[in-house]
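One letter stands for each residue in the lines below.
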2 protein chains.
Amino acid sequence: MNKRNKSYHHGDLKQALLDEALRHIRAEGIESLSLRACSKAVQVSPGAAFRHFKDKRELATAIAAHGYRLMCAAILEYQSKAEDTEMAQFRAVGEGYVAFALNEPNLFHLMFAPGQLDSSDEHLKAQAAKIPMFSREGSGPLGVGDMLVWGVVHGLSELAIQGHFKDSLPGDFDGKMEKLTQVMAAVGPSLRALSQK
Amino acid sequence: MNKRNKSYHHGDLKQALLDEALRHIRAEGIESLSLRACSKAVQVSPGAAFRHFKDKRELATAIAAHGYRLMCAAILEYQSKAEDTEMAQFRAVGEGYVAFALNEPNLFHLMFAPGQLDSSDEHLKAQAAKIPMFSREGSGPLGVGDMLVWGVVHGLSELAIQGHFKDSLPGDFDGKMEKLTQVMAAVGPSLRALSQK
DNA sequence: AGGCATATGTAATCGATGATTACTTATGTG
DNA sequence: CACATAAGTAATCATCGATTACATATGCCT
């Protein structure tokens, strides 16, 4: 638990691997993530990584869980900046969701790449449950409004990330957010109404 | 061009590889697709596959292009079954999009997995351009309504595929489609109005 | 028919990867 | 201080994408 950097033992290899994996995924995406490359970057043998992560998927799952934490933080940030009306708070959730996706496209992609993750991981589920959309999962069926709200923000996020809106959105983050906020505002009220009944 | 199955030459190896790759992607997904396994399944040496596809990505791209053809067919089918009113045809596009996604989740996933594809492939772009949502790309910026329409159908498709609506949707295809059709119908008119101005 | 360019396939090989195993070294607790 | 355990190494396997040099079949041209 203490930091021993004298020799041999790394100190906190697990965290170091997580850091390196996060850095790599942000920069290059999940596809090219390699345990060996991570191990080398942290100056450790390939096999050592498997002492802390039984799988490549286990590492990816941990990173995805961290992604949910960041997404949650983004939503809370937008909520804290918004007025304290129900409608403003409702919109802030969507804006935070989209803002996170635009800022962390590779993390967003990983979080919705079921093949690369262990979806039954408890820590992963716990972090996801902090997101309003996810927290309603399991608590009975979602209403029409809830499905639409999630669908809109998720679809817009994904399509924007993948460049399908590149002719329709400014190049910089602030411009994208402003335009997407307008887009969502166009249906916000009706979705909110559907979501409440 | 003729079918010679006497010996050595395969006859139509390229198509055989495409068939096998499509079968594998449908059954297992893109992640585990392997050129070697495909080659073995078609009784051919691994290197032979590279005669017809310079890359693994080139093979994946061809399959994705086929996916767009199938998605287009699904949309046309829903349109042909729908009434000949503007609103009914508008809704049929969305229903066809979602129906395809539910029927071919792995193909749908591949078509929106930019890392695995060569997005600049001409054949791929040509097939995609037959989908109403994609055909508006490049023809000036999309309006608010168009972005919302695409976002809704795409987001609902993806979330449904990934099981995030599993408490809210029936287990069978027909049940899912019925519910999702209701969901989309709840905002169809307002989106259509936005999309037309 | 004969000959030859080309299309198509094989076999061998490279480097990287995920994963496992047996072994070694450090840690810290009774 | 001894010893169980945690944490790392080194070696190895099978698989993968990709390239190369080589072999064989096809079909066109005269």
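Residues numbered from 1 in each chain as written. Chains lettered and ligands numbered in written order. Predicted model: local features only at pLDDT ≥ 70, side-chain atom pairs only at ≥ 80, totals over all residues. Heavy atoms only, no water.

Asks: Can you explain the overall build of chain A? Please cite residues and give values.
Replies: Broken down by element type, chain A carries ten helices and zero strands. In chain A, the order of α-helices and β-strands from amino to carboxyl end is α-α-α-α-α-α-α-α-α-α. The dimensions of chain A, computed from C-alpha atoms along their principal axes, are 60 × 40 × 30 Å. Across chain A, contacts joining residues at least 24 apart in sequence account for 66% of those joining residues at least 6 apart. Entry remark: accessible area of chain A is about 10100 Å², with carbon and sulfur atoms responsible for 50%. In chain A, 23 positive and 23 negative side-chain charges are present, and the distance between their average locations comes to 7 Å. (Helix = DSSP H or I, 4+ residues; strand = E, 2+ residues; numbered from the N terminus. Contact = heavy atoms within 4.5 Å. Areas by Shrake-Rupley, 256 points an atom, 1.4 Å probe, with all protein chains shown as cover. Lys, Arg positive; Asp, Glu negative; His and termini not counted. Charge placed at Lys NZ, Arg CZ, Asp CG, Glu CD.)

Asks: Describe the relation of the copies chain B and chain A, and please don't skip the residues or the numbers.
Replies: Taken as rigid bodies, chain B and chain A are interconverted by a rotation of 180° and an axial shift of 0.0 Å, the fit giving an RMSD of 0.1 Å. The symmetry that links the two subunits is that of a two-fold axis. Closest to the rotation axis within chain B is the C-alpha of B:G155, separated from it by 1.8 Å. Of the interface residues in chain B, 100% have counterparts in chain A that sit at the interface too, so the contact is made through matching surfaces. (Least-squares fit on C-alpha atoms with pLDDT ≥ 70 in both.)

Asks: Pulling in residues and values, what's your account of the interface of chain B and chain A?
Replies: The partner chain A presents 35 residues to the 35 residues of chain B that form the contact. In this assembly, chain B packs against chain A so that about 3100 Å² is buried in total across both faces, 69% of it on carbon and sulfur atoms. For the pair chain B and chain A, the interface holds zero salt bridges. For the pair chain B and chain A, the number of links is eight residue pairs in polar contact (both at pLDDT 80 or more). The element best represented in the side of chain B that touches chain A is helix 9 (residues 144–161) of chain B, accounting for eleven residues. (Buried area = accessible area lost by both parts, 1.4 Å probe. Salt bridge = Lys/Arg side-chain N within 4 Å of Asp/Glu carboxyl O. Polar contact = N/O pair within 3.5 Å; in protein donor to acceptor, adjacent residues only side chain to side chain.)

Asks: Give me the lowdown on the pattern of salt bridges, citing residues and values where you can.
Replies: Residues and elements named next belong to chain B. Applying the stated criterion across every chain yields a total of 16 salt bridges over all chains. In this structure, K125 and E122 form a salt bridge, with 3.6 Å as the shortest nitrogen-oxygen distance. Of the two residues, K125 and E122 both sit in helix 7 (residues 122–128), three residues apart, roughly one turn of that helix. When its relative accessible area of 41% is taken as the criterion, K125 is described as partly exposed. (Buried < 20%, exposed > 50% of the residue type's maximum accessible area, 1.4 Å probe, protein only.)

Asks: Please provide a residue-by-residue account of unusual backbone geometry, values included.
Replies: Excluding glycine, a negative phi dihedral is what most residues carry, and trans is how most peptide bonds are arranged. Residues and elements named next belong to chain A. The residue Q43 is not glycine, and still its phi comes out positive at about 65°. Along the chain, the position of Q43 falls in the loop between helix 2 (35–41) and helix 3 (46–52). Accessibility expressed as a relative area gives 72% for Q43, which makes it exposed.

Asks: Give a detailed account of the environment of B:L124, specifying residues and quantitative values.
Replies: Residues and elements named next belong to chain B. Within the fold, L124 resides in helix 7. Judged by relative accessible area, which is 6%, L124 ranks as buried. Taking the C-alpha atoms as reference points, L124 and A64, separated by 60 residues in sequence, lie 7.2 Å from one another. Setting aside residues no more than four positions away along its own chain, L124 makes contact with T61, A64, A65, Y68, L117, D118 and S119.

Asks: Break down the confidence of the model for chain A for me, citing the residues and quoting the values.
Replies: For chain A, the average pLDDT comes to 93, and 94% of its residues sit at 70 or higher. Per-residue pLDDT stays below 50 along residues 1–6 of chain A; that stretch engages in four contacts with residues further than four places along the chain or on separate chains. (pLDDT = per-residue confidence, 0-100.)

Asks: Account for the side chain of B:D146, naming residues and giving values.
Replies: Among the structural elements, B:D146 can be located in helix 9. Ignoring any residue separated from it by four or fewer positions in sequence, one finds B:D146 in contact with B:R136 and B:S195.

Asks: Which residues make up the packing of helix 10 (residues 173–196) of chain A against helix 9 of chain B, and what values do they have?
Replies: Across the interface, helix 10 of chain A lies against helix 9 of chain B with an axial gap of 10 Å and an inter-helix angle of 80°. When the axes of helix 10 of chain A and helix 9 of chain B are compared, the pair comes out roughly perpendicular. Two secondary-structure elements touch here, helix 10 of chain A through A:K179, A:L180, A:V183, A:A186 and A:V187 and helix 9 of chain B through B:V144, B:M147 and B:L148. Tallied by class, residues from the contact of helix 10 of chain A with helix 9 of chain B come to seven nonpolar, no polar and one charged. (Axes fitted to C-alpha atoms, helices over the stretch in contact; angles between N-to-C directions. Parallel < 35°, antiparallel > 145°, perpendicular 65-115°, else oblique. Nonpolar A, V, L, I, M, F, W, Y, C, P; charged D, E, K, R; others polar.)

Asks: Please provide a residue-by-residue account of the packing of aromatic side chains, values included.
Replies: A full pass over the atoms with the stated rule returns twelve aromatic pairs over all chains. With 5.1 Å between their ring centres and 50° between their planes, A:F108 and A:F112 make a pair best called tilted. Classification of A:F108 as buried rests on a relative accessible area of 2%. Ring centres of B:F134 and B:W150 lie 4.8 Å apart, and the angle between their planes is 65°; this geometry places the pair in the edge-to-face category. With B:F134 in helix 8 (residues 132–135) and B:W150 in helix 9, the pair connects residues that are 16 residues apart, well separated along the chain. A single burial state applies to B:F134 and to B:W150, both of which are buried. Across from the ring centre of A:F53, 5.4 Å away, lies the NZ or CZ of A:K14, which sits over that ring. Across from the ring centre of B:Y78, 6.0 Å away, lies the NZ or CZ of B:K81, which sits over that ring. (Phe/Tyr/Trp six-rings, centres within 6.5 Å; stacked < 30°, edge-to-face > 60°. Lys NZ or Arg CZ within 6 Å of the ring centre and 35° of its normal.)

Asks: Pulling in residues and values, what's your account of the side chain of B:E20?
Replies: Residues and elements named next belong to chain B. Inspection of the secondary structure assignment puts E20 in helix 1 (residues 13–28). Take E20: its relative accessible area is 14%, and that puts it in the buried class. A polar contact of 2.8 Å, which involves the side chain of E20, links it to the side chain of R23. Setting aside anything within four residues of it in sequence, one finds E20 in contact with C38, A41 and V42.

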